[in-house]
Amino acid sequence: VRRYNDFVWLRNQLLEQHPGVIVPPIPDKAIKGTLEKLVMMNATPLLEYRQRALRKFLVRVGAHPILCTSDTLRGFLELNEEEFNRRKEVPKKKESAPTFGQRFKELSFSVSKSLSAQPTPPPTTMSFGAESAEATPCENWTEANNYADQLERSLILLRERIELLIRRRRETSVALLEFGKSFVKVGEIESSYEDGALPKALVHVGHHSEHLSIVYQEQADNETIQVVETIGYYVGLANAIKDVIKPFRKKKKKKKKSTLR
């Protein structure tokens, strides 16, 4: 059994061990409040949402051509709880830092897979130092960072539109419920005067309206969970891309300043 904090530990370890790789995001712990605000759901569906999102995180990590070879990931999946807790407490071994060329190569492949609809294979030949490197899809880090910024802004705008749609659906659900209760009450009053087809029809319309209200509510809840999950992942992915690109942009600016001097 793995807790949420264990997944946080795993992702942090992967980030440290593979500084040039975009590690898939995990659902933010604060997503609980966001979902409660949007769908007004109790704890059980929210827990199921987080479990589903964490399972997808493991699937994405396992499908990554670099991260899937991690011993840390293997231990996370195979060790029992006692062995895993002991491993978490072991002090970090001081490993040799990857060269800039290795980090550049991993990042080029990782970013290109994330931003491109068609995944591209990692570059096979790279040259760094005084000589120029072979061109890569993400050689322009500023452009890639701007793309991630634009993607994040678009997703946030989409989330705002969804919130508006959810609010309208909920208002419709409440209106249908009140409409149905009113028709049922009118039908019951009519039936006290005469037992004809009209009272029965009014009650039937009222019950049908109440049923539609429940359907609207359930559809809003289910669709919101799915959409929020997807948007949350891509917002996290955009942030992960920017975080990985940041040190390379800093290094590029530093190199540019030294050249100007």
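Look up: the structure comes first, before these words.
Residues numbered from 1 in each chain as written. Predicted model: local features only at pLDDT ≥ 70, side-chain atom pairs only at ≥ 80, totals over all residues. Heavy atoms only, no water.

J.: Help me get a handle on the environment of E171, residues and values and all.
T.: Turning to its location among the elements, E171 is positioned in helix α7 (residues 141-193). With 45 residues separating them along the chain, E171 and Y216 place their C-alpha atoms 9.8 Å apart. (Helix = DSSP H or I, 4+ residues; strand = E, 2+ residues; numbered from the N terminus.)

J.: An account of the pattern of salt bridges is needed here, citing residue identities and associated values.
T.: Applying the stated criterion across every chain, the model contains six salt bridges. The salt bridge involving D6 is made with K88; its shortest N-O contact spans 2.7 Å. Residue D6 is located in helix α1 (residues 4-17), and its partner K88 is located in helix α5 (residues 81-89); the two are separated by 82 residues in the primary sequence. A residue is classified by how much of its surface remains accessible, and D6, at 2% relative accessible area, is buried. The partner of D149 in a salt bridge is K242, and the shortest N-O contact between them spans 2.9 Å. (Salt bridge = Lys/Arg side-chain N within 4 Å of Asp/Glu carboxyl O. Buried < 20%, exposed > 50% of the residue type's maximum accessible area, 1.4 Å probe, protein only.)

J.: How would you sum up the packing of aromatic side chains? Please name residues and give values.
T.: Evaluation of the coordinates by the stated rule reveals six aromatic pairs. With a centroid separation of 6.3 Å and 65° between ring planes, the pair formed by F7 and F57 is classed as edge-to-face. One end of the pair, F7, is in helix α1; the other, F57, is in helix α3 (residues 43-63), with 50 residues separating them in the sequence. The exposure classification of F7 matches that of F57, with both residues buried. Ring plane angle 70° and centroid distance 5.0 Å describe the contact between Y233 and Y234, whose orientation is recorded as edge-to-face. With a relative accessible area of 17%, Y233 lands in the buried category. Three or more aromatic residues joined by ring pairs form one cluster here, namely F7, W9, F57, F76 and F84. For the cation-ring pair, R50 lies above Y4, with the distance from its terminal atom to the ring centre recorded as 4.8 Å. The lysine or arginine in question, R60, covers the ring of Y233, its NZ or CZ lying 3.6 Å from the ring centre. (Phe/Tyr/Trp six-rings, centres within 6.5 Å; stacked < 30°, edge-to-face > 60°. Lys NZ or Arg CZ within 6 Å of the ring centre and 35° of its normal.)

J.: An account of the packing of α1 against helix α4 (residues 71-78) is needed here, citing residue identities and associated values.
T.: Any two packed helices are characterised by the angle at which their axes cross and by the distance between the axes. Two elements in contact, α1 and α4, have axes whose closest approach is 9 Å; the angle formed by their N-to-C orientations is 165°. Judged by the angle between their axes, α1 and α4 are roughly antiparallel. In this structure, α1 crosses over α4, and the sense of that crossing is right-handed. Taking contact as the criterion, the partners of D6, F7, W9, L10, Q13 and Q17 in α1 are, on α4, T72, L73 and F76. (Axes fitted to C-alpha atoms, helices over the stretch in contact; angles between N-to-C directions. Parallel < 35°, antiparallel > 145°, perpendicular 65-115°, else oblique. Left-handed = near helix turned anticlockwise from the far one by under 90°. Contact = heavy atoms within 4.5 Å.)

All we've got here are geometric facts, nothing functional implied.
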